[in-house]
Amino acid sequence: MTTAPYDDSPPRHALTVLGAGVMGVGITVLALGHGLPVHLVDIDRERLDRATDLIDGDLRLAELMGALPAGTPLGALATGTSLKAVAGATAVVEAVTENAAIKAAVLSEVSGLVRPGTLLITNTSSIPVDELAGAVERPEDLVGTHFMNPPYLIGTAEVVRGAKTGEPAMAAVAALLTALRRRAVVVRDAPGFVTSRILHPMINDAARVVEEGTATAEDVDALMQGCLGHPTGPLRTADLIGIDNLVDSLTVLHERTGDDGCRPAELLLRLVREGRLGRKSGRGFYDYT
């Protein structure tokens, strides 16, 4: 009988995901469902515990919806509160809140802990990659991705190449997305890139229409679905994104582009003040309770 030689090479893909919020959970579900091991890190232990339950539920949902490859065993999940978990990763996905200063601080610390050449991904809907590249030790390893929510149901991801992003990092993110069975569309670095630069001002205008009393949220979405083919309507989409995340993204766009159409509508700001953040809080433009 012959035996295979012991293989002590590192795994092809071993992810560390930073942030156990909506996007961190969604990206973790996507990776686990495609057989990749994930170490999910958050500074809040209670949030991590809640995230574990959400991940279990979303994995079951994704399986029921046929969104996971048949016959692929789930990847192993580990959780923790220390950034030192990134040391053994082949790729690190930063998915903390959409705030440039917070993202830069996290990426700065992480870049000092990973091995040179480790793929660093910032999952952002609006912040330019070059703006964050100044915080990391090796900006050539940093790539932007914009996964749509929920990542395990949406088959395309926006990939943002910064001016300093190197070819090895682009090859690594392409290989990772291939393993996740996601189509990558590469775009040039700019505030909001493509999807957010188009979608978020449209949602902002939809909120203004409701604020001005022209139509209800339900009627706005019905018209956008029935007349213009939008799959869910902009305001249901806002609830899915998270209205606080939407306001953060619009603020980034307004500050970086000067486009007054990106100034967050007062209705959006009021919903955030009231804690009506969309699906994740149970209420937004719609009631999910």
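Located above this text is the structure these notes cover.
Residues numbered from 1 in each chain as written. Predicted model: local features only at pLDDT ≥ 70, side-chain atom pairs only at ≥ 80, totals over all residues. Heavy atoms only, no water.

Visitor: Quick question: what am I supposed to make of the sheet that holds strand β8 (residues 183–188) here?
Guide: Strand pairing in a sheet relies on backbone hydrogen bonds. The paired strands run either parallel or antiparallel. Ordered by their spatial adjacency, eight strands build an open sheet running β3-β2-β1-β4-β5-β6-β7-β8, and the pairing between neighbours is mixed. Where the open sheet ends on each side, the last strands, each with one partner, are β3 (77–80) and β8. With direction set aside, neighbouring strand axes in the sheet form an average angle of 25°. The pairing of strand β7 (residues 156–161) with β8 spans six bridges and is parallel. Looking across to β8, one finds that Val 160 is bridged to Val 187. With respect to the sheet, helix α3 (residues 100–111) is in contact with β1 (15–18), β4 (91–94), β5 (119–123) and β6 (142–146), its orientation differing from that of β5 by roughly 170°. (Pairing = 2+ DSSP bridges. Helix = DSSP H or I, 4+ residues; strand = E, 2+ residues; numbered from the N terminus. Axes fitted to C-alpha atoms, helices over the stretch in contact; angles between N-to-C directions. Contact = heavy atoms within 4.5 Å.)

Visitor: Please clarify how the pairing of β1 should be interpreted in this entry.
Guide: Sheet faces and side chains relate simply in a regular strand, where the side chains alternate between the two faces. The alternating pattern of β1 places Leu 15 and Val 17 on one face and Thr 16 and Leu 18 on the opposite face, and all of these are buried. Note that β1 and strand β2 (residues 38–41) share four bridges and pair parallel. Pairing of Leu 15 across the sheet is with Val 38, part of β2. A crossover links β1 with its parallel partner β2, the connecting element being helix α1 (residues 22–33), and its sense is right-handed. (Buried < 20%, exposed > 50% of the residue type's maximum accessible area, 1.4 Å probe, protein only. Right-handed = clockwise from strand over helix to strand, strands pointing away.)

Visitor: Sorry, what's going on with the pattern of salt bridges here?
Guide: Any two side chains of opposite charge can pair, on the condition that their charged atoms come close. For the structure on display, the rule yields 17 salt bridges. Asp 49 is the partner of Arg 45 in a salt bridge, and the nearest nitrogen-oxygen pair spans 3.4 Å. Residue Arg 45 and its partner Asp 49 are both found in helix α2 (residues 45–64); the two are separated by four residues, about one turn of the helix. Residue Arg 45 is classed as partly exposed on the basis of its relative accessible area, which comes to 37%. The exposure class assigned to Asp 49 is partly exposed, which follows from its relative accessible area of 41%. Residues participating in the shared-partner salt-bridge network are Glu 94, Glu 98 and Lys 103. (Salt bridge = Lys/Arg side-chain N within 4 Å of Asp/Glu carboxyl O.)

Visitor: How do you make sense of the packing of helix α7 (residues 217–228) against helix α8 (residues 234–241) when you look at a structure like this?
Guide: Working note: a packed helix pair is described by the angle between its axes plus the distance between those axes. At a minimum axis separation of 7 Å, α7 and α8 run at an interaxial angle of 110°. The angle between the axes of α7 and α8 places the two elements in the roughly perpendicular class. From α7, Ala 217, Val 220, Asp 221, Met 224 and Gln 225 reach across to α8, where they touch Pro 234, Leu 235 and Arg 236. When its residues are assigned to classes, the contact of α7 with α8 shows five nonpolar, one polar and two charged. (Parallel < 35°, antiparallel > 145°, perpendicular 65-115°, else oblique. Nonpolar A, V, L, I, M, F, W, Y, C, P; charged D, E, K, R; others polar.)

Visitor: Got a minute to help me understand the packing of helix α9 (residues 243–257) against helix α10 (residues 266–273) in this structure?
Guide: At their nearest, the axes of α9 and α10 sit 9 Å apart, and the two run at 135° to each other. Taken as axis vectors, α9 and α10 run oblique relative to one another. Note on packing geometry: the crossing formed by α9 with α10 is left-handed. Taken together, the residues of α10 that come into contact with α9 (itself represented by Ile 243, Asp 244, Leu 246, Val 247 and Leu 250) are Leu 268, Leu 269, Leu 271 and Val 272. Across the contact of α9 with α10, the residue classes break down as eight nonpolar, no polar and one charged. (Left-handed = near helix turned anticlockwise from the far one by under 90°.)

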